[in-house]
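Examining the three-dimensional arrangement
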Amino acid sequence: MRKILATFLNESRLFAKDLPGIALLFLMPLALTVLMALIQDAPFREYQDIRFEILWVDEDGGKMAKQLGAELDSIPQFVLIRKLNNQLLTAAKAQELVQKGDFKLAVIVPRGVSAEVANSANQVANELGAKMGAPGKLPQRESREVALEIYFDPVIKQAMKLSILNALEKQVTKIQAEIILARLENRLDEQASDSAGPGLRLQEKLQAVRIKEISGGENSPARLTTNSVQHNVPAWALFGLFFIIIPIAGNFIREREDGSLMRIKMIPGSYYSILLGKLGFYIVLGMLQFFVMLAAGALVMPILGLDSLQIGNAFGSLFLAVLVIAATATAYGVLIGSIFQTPNQALPFGAISIVILSAIGGVWVPVEILPAGLQQLANLSPLHWALDAINELFLRSGSIMTVWKQLIILLLFALLFFMIAGMTESRRRR
Amino acid sequence: MLQIQQLEKTYKNAAEPSLQGLSLQFSDKSIAGLLGPNGAGKTTTISILCGLVKADAGNAMLLGMDVEKEREAIKSRIGVVPQSIALYPTLTAMENLQYIGRLYGLSTALLKERINHYLQLFGLEKSAHKAIRYYSGGMKRRANIIASLLHEPELLILDEPTAGVDVQSRNMILQFLASYNKLGHGIIYTSHLLEEAQQLCDEIAIIDHGRLVVQGKPTELMQEQQAQSLEQVFLQLTGSSLRD
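This is a predicted model, so every value here is computed, not measured.

**What about the confidence of the model for chain B?**
When pLDDT is averaged across chain B, the result is 88; 98% of the residues are at 70 or more. Taking the mean pLDDT of every element in chain B, the minimum, 78, falls on helix 9 (residues 230–238) of chain B and the maximum, 94, on helix 4 (residues 108–121) of chain B.

The following block contains the structure:
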């Protein structure tokens, strides 16, 4: 115990005297985390609360066109632009502006749309009314083909395009259904005008099942969805934590090269207690670094206009998870320090391997959107399991009971790294 | 204090063996020099004695104990001074020595006493709180030796302890080694400086190509080889061709 403590204190002392090292280990990941959260804020918001400008040209001027415009206006993501420079937009002008890339899309409601919807509603109401024996008939004519015209900027993403088309289609269907139901209700109400009972209220009855959006775990105090901060802070904090392999590997190689290892190994007692003191220090350092990043996510991000990081309320589980993750990162550092002979070999390999493991592990972009093959490969990255455990705790209100599998896998990674390092060292003796 | 018998070692992927049946012995409590040109097998021998490298064959006994089987018992009785400066450059001499002393399990009071004693003895008391990286080459060598002396080992093994130091520091180190030996401690050291070995050692072993070339007292070897100096003996026995 005395050796463990002495080594832990010595490593702390060495670290405290290395100001550039402290800066690199804390400020660089902090800068990276903040920068990535800022850069990725816009793409994340694209699907959430970004306000999307739509050029709206109403050539119809009818009830249905006005209602559609009003419905789209009520959707927070859409801003309908009907006039530019105090002049009503024309279809040609809107098309030109989209073509130039000034706007992402334009919707043209051609003349006759409202009339066609009304005619279609009358046809349906008449058919149903006749079958139910309702007297009289609403005016109707032959159907004509009309369509809303939508012009998209070619650079718009397919996902965004589909989401806008879905929103428009939903609103058109909704308005058409409302009109049909209103006409049908009127006809049936006229038939029942002799009775004193309440109206049919068909529209209300047809909305029996609604959609209620709930995110996060069952007991989650906050309704969480992922955002730039929620994805980037834990992801890049883990990336930074794994970069602790650089000082660890450097330290192990330096000790082997300068004879310190020889001196240490000649000290009576097990070398493992000295090793444990060293590893303990790096694990604590890694954890400290990670929690500093989380604190920045919670406190600094809002100052920069981003969302605040939500870390859930399973603090004990979070501590344990970060402990296991830091131990895995430390074990990887020991492995790199063991298998390579010089810092020139170890440091570039270590750094690039972390970048690769983070890329396939979902740090750069969520694993779910990686190609199928890479999604399988993600299982080989300790960063994937680490990020999965942290997301489980933060976004799904998980606890140790729900992240134990990820932590066991991380511990197996750590064990494997230590075993290979041990075998390399014993082979070196031979 | 050292008996080596038929020690063999070939590193993986090495073109030639480092040790080829090396056998030698040094008497108890002597100052013994292990000499040889580059690539002779000196560092491999020291590494085997310290347990850092495993011999392919043969055996080595230090202080009457088998270096493979009784490593733990040997460790507390020997001190090893590596050829390079095995100290943390950003820490002061005091901080380095405190850490090493604690690893040896010395009590705080005893450690403080020994650190002060050796810093004074090696003329480093005024620089005790200066970072090692600001030390001169000679000061670093002296601090490197102190770090292996804190537990006052029975046997001190030094690998090129005077390499690259100024004359004054070298003189100081050699004087210390002589006085430490007079206190009853054995010393084994390797060196390229044959004049130094001639002046200091009670006995020497010259090895080359992983084998013992000759062993004995410096004066006796000079007589046997009819040479004026140990360097002449060395050149006569190992040749004048350059070594890499």
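**With respect to the pattern of salt bridges**
This structure, assessed with the given rule, holds 15 salt bridges over all chains. E71 of chain A is paired through a salt bridge with K174 of chain A; the nearest N and O atoms lie 3.2 Å apart. With E71 of chain A in helix 4 (residues 63–73) and K174 of chain A in helix 7 (residues 158–191), this pair connects stretches of sequence that are 103 residues apart. The class of E71 of chain A is buried, set by a relative accessible area of 17%. The partner of K75 of chain B in a salt bridge is E72 of chain B, with the nearest N and O atoms 2.7 Å apart.

**What about the environment of A121 of chain A?**
All names here are of chain A. On the secondary structure map, A121 appears in helix 6 (residues 113–131). For the pair A121 and I179, spaced 58 residues apart in sequence, the C-alpha to C-alpha distance is 6.3 Å. Each residue touching A121, except ones within four places of it in the same chain, is listed here: I179, I180 and R183.

**Digging into unusual backbone geometry**
A positive phi is found at N86 of chain A, a non-glycine position, where the angle reads about 60°. By the element assignment, N86 of chain A lies in the loop between strand 3 (83–84) and strand 4 (87–88). Within the chain, L63 of chain B stands out as a residue other than glycine whose phi angle is a positive 50°. Tracing the sequence through the fold places L63 of chain B in the loop between strand 4 (57–62) and strand 5 (65–66). On the basis of relative accessibility, which here comes to 18%, the residue L63 of chain B falls in the buried class.

**Quick word on helix 16 (residues 382–395) of chain A**
Given a rise of 1.5 Å per residue, 14 residues ought to cover 20 Å, and the 20 Å separating the end C-alpha atoms of helix 16 of chain A matches this to within 8%. Looking one or two residues past helix 16 of chain A, S397 of chain A carries a phi angle of roughly 50°, positive in sign.

**Observations concerning the interface of chain B and chain A**
The partner chain A presents 27 residues to the 39 residues of chain B that form the contact. Both sides together, the interface formed by chain B and chain A hides about 3,000 Å², and carbon and sulfur atoms give 55% of it. Looking at the side of chain B facing chain A, the largest losses of area belong to L52, Y88 and L103 of chain B, adding up to 23% of the total buried there. Our enumeration of links across chain B and chain A arrives at two salt bridges. Contributions of two or more residues to the side of chain B that touches chain A are made by helix 2 (71–75), strand 6 (78–81), helix 3 (93–103) and helix 5 (137–147) of chain B. It is helix 3 of chain B that contributes the most residues to the side of chain B that touches chain A, six residues altogether. Grouping the constituent residues of the side of chain B that touches chain A by class yields 19 nonpolar, 11 polar and nine charged.

**Focus: the sheet that holds strand 4 of chain B**
Residues and elements named next belong to chain B. The strand order across the open sheet formed by four strands is 2-1-4-5, and the pairing between neighbours is antiparallel. Bordering the open sheet on either side are strand 2 (19–26) and strand 5, each of which pairs with just one other strand. Pairing geometry for strand 1 (residues 2–9) and strand 2, over six bridges, is antiparallel. Residue pairing in the sheet places E8 in a bridge with Q20 of strand 2.

How each quantity is defined
Residues numbered from 1 in each chain as written. Chains lettered and ligands numbered in written order. Predicted model: local features only at pLDDT ≥ 70, side-chain atom pairs only at ≥ 80, totals over all residues. Heavy atoms only, no water. pLDDT = per-residue confidence, 0-100. Helix = DSSP H or I, 4+ residues; strand = E, 2+ residues; numbered from the N terminus. Salt bridge = Lys/Arg side-chain N within 4 Å of Asp/Glu carboxyl O. Buried < 20%, exposed > 50% of the residue type's maximum accessible area, 1.4 Å probe, protein only. Contact = heavy atoms within 4.5 Å. Expected span 1.5 Å × (residues − 1). Buried area = accessible area lost by both parts, 1.4 Å probe. Nonpolar A, V, L, I, M, F, W, Y, C, P; charged D, E, K, R; others polar. Pairing = 2+ DSSP bridges.

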